[in-house]
Amino acid sequence: MTTRGKTYASLLAVVALTTGGFAAKGWLANGNSDGSEQSGTEESALADAVPVSTEAAIRGPISHLLGSTANLRARREVAVAAQAAGVVTSVKAEEGDFVEAGQVLCAIDDRDLQIDLELAKQRLAQTKIQIESAVIRAEQTRTRLRNKRTELERNEEALREGLLAESEVAVQRHEIDDLEHEIQAVESTVRENRHRQDELESEIRKVELQISRTAITAPFAGRITERTVELGQSIRSAEKLYKLGAFSPLYADVYLPENDSRSVRAGQMAALRLGSASGEWAEGAVERVSPVVDDETGTVKVTVRFKPPNPAFRPGAFVRVEIETHTLDDAILIPKQSVIEEDGQTYVVLVGTDSTAQRTAVELGYQDETAIQVTSGLDAGAIVVTAGQGKLKDGDKTRVVAN
């Protein structure tokens, strides 16, 4: 109970005791008691006092807040489209599901592609066998060529000594030429087959890529916000099948007047309230401030980043954003509801020690949801009326009914 409340209770107790004493002496029946007249006067004064609620001005911290409204948006939101045509054979994700990066959302019939892949692998295996055979044949031919060249050297020595006819040496020279041509042909076959091998390996990678595209996967972790594909549906390449969004963190883009934006910096704290009447809120920070001013609106885009505390915060939700640009650690604060505005001037009603009301002009500074800073007009400890001040005039008596 406040001091004024205790005083009021003591006064009532005195009145009760006095009335009881007078009744015992039989004075009240004669109506001649001065004490009875005084009690009636005090009760009349209390009845005439205006009931109010009060609070004391205090010292405390308060921040300068820049407020605006926005709609939440996801960190990223994309349409997941098909990269291959075909018939959908399975649907594995529904709207509202959370999916990991790379998780399969749906699948397309890939049997034709699997057959193409198997055939390409068989052709590749045959080509590798042909390459191995050609390499062996080339090595055998090189061995024969080395032997022929050794034999030709001996025969040419015998020819110089007159031990062998020229025709026999000429035959060996032709045989060596034939072997050299054969080696060139075999090496050409090896090169062609290796080129064919490269083509088949590229074809296999291409078919494998086409097969991988028949499994529609999530490009990043997030929540499915829309599904347009159905089981058994025949789809075309690039047809949109899902919409996927990353819900954490969420972003709010607010547009502040150029003058206000000058006090905003990346990293400043921000608060976000969900809806106009909701108690849901979240903390965040300024992510970035646009370096340009919109020439049509004269505003600057400020992007605020939040990590939502619960699923109530969704992309598209309407929110109120307040950015904290500066904080005063020791300000005189009063409740916002105590302020009266008239003709461009701001007032509060003070209650003195004698319970008398006095309207006082004040100058105000920073404010938040509940409190407002007083820069001049009163000191900490002053008692201000928070309810009922609209009925008061200077000099009116007050009685506190609630605080």
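That block above? That's the structure.
A quick note: this is a predicted structure, and the numbers were derived from the prediction, not measured.

Draft legend 1. Geometry of the overall build of the protein chain. When helices and strands are counted, the protein chain shows six helices and 20 strands. Split into buried and exposed, the 403 residues of the protein chain put 32% on the buried side. Sequence separation of at least 24 residues holds for 75% of the intrachain contacts in the protein chain that already meet a minimum separation of 6. Of the roughly 23800 Å² of accessible surface on the protein chain, a fraction of 49% belongs to carbon and sulfur atoms.

Draft legend 2. Spotlight on the pairing of strand S12 (residues 299-306). The element S12 is largely enclosed, with a buried count of six among its eight residues. Pairing of strand S9 (residues 240-257) with S12 involves eight bridges; the strand directions are antiparallel. For Leu256, the partnering residue across the bridge sits in S12 and is Val300. Pairing of strand S11 (residues 281-289) with S12, which is carried by five bridges, proceeds in the antiparallel orientation. Among the inter-strand pairings, Ala285 is bridged to a residue of S12, identified as Arg305.

Draft legend 3. Looking closely at the packing of aromatic side chains. Across all of its chains, the model carries zero aromatic pairs by this definition. Looking at Arg76, its charged tip hangs above the ring of Phe220, at a distance of 4.9 Å from the centre. The side chain of Arg359 reaches across the aromatic face of Tyr347, ending 5.2 Å from its centre.

Draft legend 4. Geometry of the environment of Ala82. Tracing the sequence through the fold places Ala82 in the loop between strand S2 (58-81) and strand S3 (86-91). A relative accessible area of 3% places Ala82 in the buried class. If near-sequence neighbours (up to four positions away) are discounted, Ala82 is found in contact with Ile216, Ile235, Arg236, Ser237, Ala238, Glu239 and Leu241.

Draft legend 5. Layout of the sheet that holds strand S6 (residues 215-217). A sheet is described by the order of its strands in space; here four strands give the open sequence S6-S5-S3-S8, paired in antiparallel fashion. Of all strands in the sheet, those with a lone pairing partner are S6 and strand S8 (234-235), marking the two edges.

Draft legend 6. Quick peek at the pairing of S3. Where S3 lies against S8, two bridges are found, and the strand directions are antiparallel. Paired with Val87 across the two strands is Ser234, which belongs to S8. In terms of strand pairing, S3 meets strand S5 (residues 104-108) through three bridges, oriented antiparallel. For Val88, the partnering residue across the bridge sits in S5 and is Ile108.

Draft legend 7. Representation of the nonpolar core within the structure. Ranked by internal contacts, the top residues of the largest apolar core, which has 21 residues, are Leu72, Leu272, Val302, Phe306, Val321 and Ile323. Broken down by element, the residue count for this core peaks at four residues, all from S9. Each residue touching Val321, except ones within four places of it in the same chain, is listed here: Leu66, Gly67, Ser68, Ala252, Val254, Ala271, Leu272, Val304 and Phe306.

Draft legend 8. Focus on the packing of helix H4 (residues 111-160) against helix H5 (residues 166-212). Closest axis-to-axis distance for the H4/H5 pair is 7 Å, and the angle between their directions is 160°. Judged by the inter-axis angle, H4 sits roughly antiparallel to H5. Taken as a pair, H4 and H5 cross one another with a handedness that is left-handed. Of the residues belonging to the contact of H4 with H5, the class tally is 21 nonpolar, ten polar and 22 charged.

Draft legend 9. Representation of the pattern of salt bridges within the structure. Taken as a whole and judged by the stated rule, the model has 20 salt bridges. Between Lys243 and Glu226 there is a salt bridge whose closest N-O contact spans 3.8 Å. Separated by 17 residues along the polypeptide, Lys243 in strand S9 and Glu226 in strand S7 (residues 222-227) bring together distant segments of the chain. Among the ionic pairs, Arg305 bridges to Glu287, the shortest N-O distance being 3.9 Å. One end of the pair, Arg305, is in strand S12; the other, Glu287, is in strand S11, with 18 residues separating them in the sequence. Residue classification places Glu287 among the partly exposed positions, given a relative accessible area of 34%. One connected set of salt bridges, linked through shared partners, spans Glu94, Arg227 and Glu230.

Draft legend 10. Examining the environment of Ala84 more closely. Within the fold, Ala84 resides in the loop between S2 and S3. Taking the relative accessible area as the measure of exposure, Ala84 reaches 14% and is therefore buried. As for Ala84 and Ala238, which are separated by 154 residues in sequence, their C-alpha atoms are 7.5 Å apart. Setting aside its immediate chain neighbours within four residues, Ala84 contacts Ile108, Arg213, Thr214, Ile235, Arg236 and Ser237.

Draft legend 11. Here's a closer look at H4. Helix length check: H4, at 50 residues, gives a terminal C-alpha distance of 73 Å against a target of 74 Å (1.5 Å per residue), a fit within 8%. Remark: Gly162 follows H4 within two positions and exhibits a positive phi of approximately 80°.

Draft legend 12. Broad picture of the side chain of Gln389. Mapping Gln389 onto the fold places it in the loop between strand S19 (383-387) and strand S20 (398-402). Setting aside its immediate chain neighbours within four residues, Gln389 contacts Gln337, Ser338, Val339, Ile340 and Val349.

Draft legend 13. View of the side chain of Gln373. For Gln373, the location among the structural elements is in strand S18 (residues 371-376). Not counting the four nearest positions on each side in its chain, Gln373 is found in contact with Ile62, Leu328, Ala331, Ile332, Leu333, Glu363, Leu364, Gly365 and Tyr366.

Draft legend 14. A look at unusual backbone geometry. Residue Pro249 follows Ser248 across a cis peptide bond; omega there is 0°. Non-glycine residue Ala238 carries a positive phi angle of around 75°. Counting through the fold element by element, Ala238 comes out in the loop between S8 and S9. Phi at Ser355 takes a positive value of approximately 65°, unusual for a residue other than glycine.

Rules used in this analysis
- Residues numbered from 1 in each chain as written.
- Predicted model: local features only at pLDDT ≥ 70, side-chain atom pairs only at ≥ 80, totals over all residues.
- Heavy atoms only, no water.
- Helix = DSSP H or I, 4+ residues; strand = E, 2+ residues; numbered from the N terminus.
- Buried < 20%, exposed > 50% of the residue type's maximum accessible area, 1.4 Å probe, protein only.
- Contact = heavy atoms within 4.5 Å.
- Areas by Shrake-Rupley, 256 points an atom, 1.4 Å probe, with all protein chains shown as cover.
- Pairing = 2+ DSSP bridges.
- Phe/Tyr/Trp six-rings, centres within 6.5 Å; stacked < 30°, edge-to-face > 60°.
- Lys NZ or Arg CZ within 6 Å of the ring centre and 35° of its normal.
- Core = buried A, V, L, I, M, F, W, Y, C linked by side-chain atoms within 4.5 Å.
- Axes fitted to C-alpha atoms, helices over the stretch in contact; angles between N-to-C directions.
- Parallel < 35°, antiparallel > 145°, perpendicular 65-115°, else oblique.
- Left-handed = near helix turned anticlockwise from the far one by under 90°.
- Nonpolar A, V, L, I, M, F, W, Y, C, P; charged D, E, K, R; others polar.
- Salt bridge = Lys/Arg side-chain N within 4 Å of Asp/Glu carboxyl O.
- Expected span 1.5 Å × (residues − 1).

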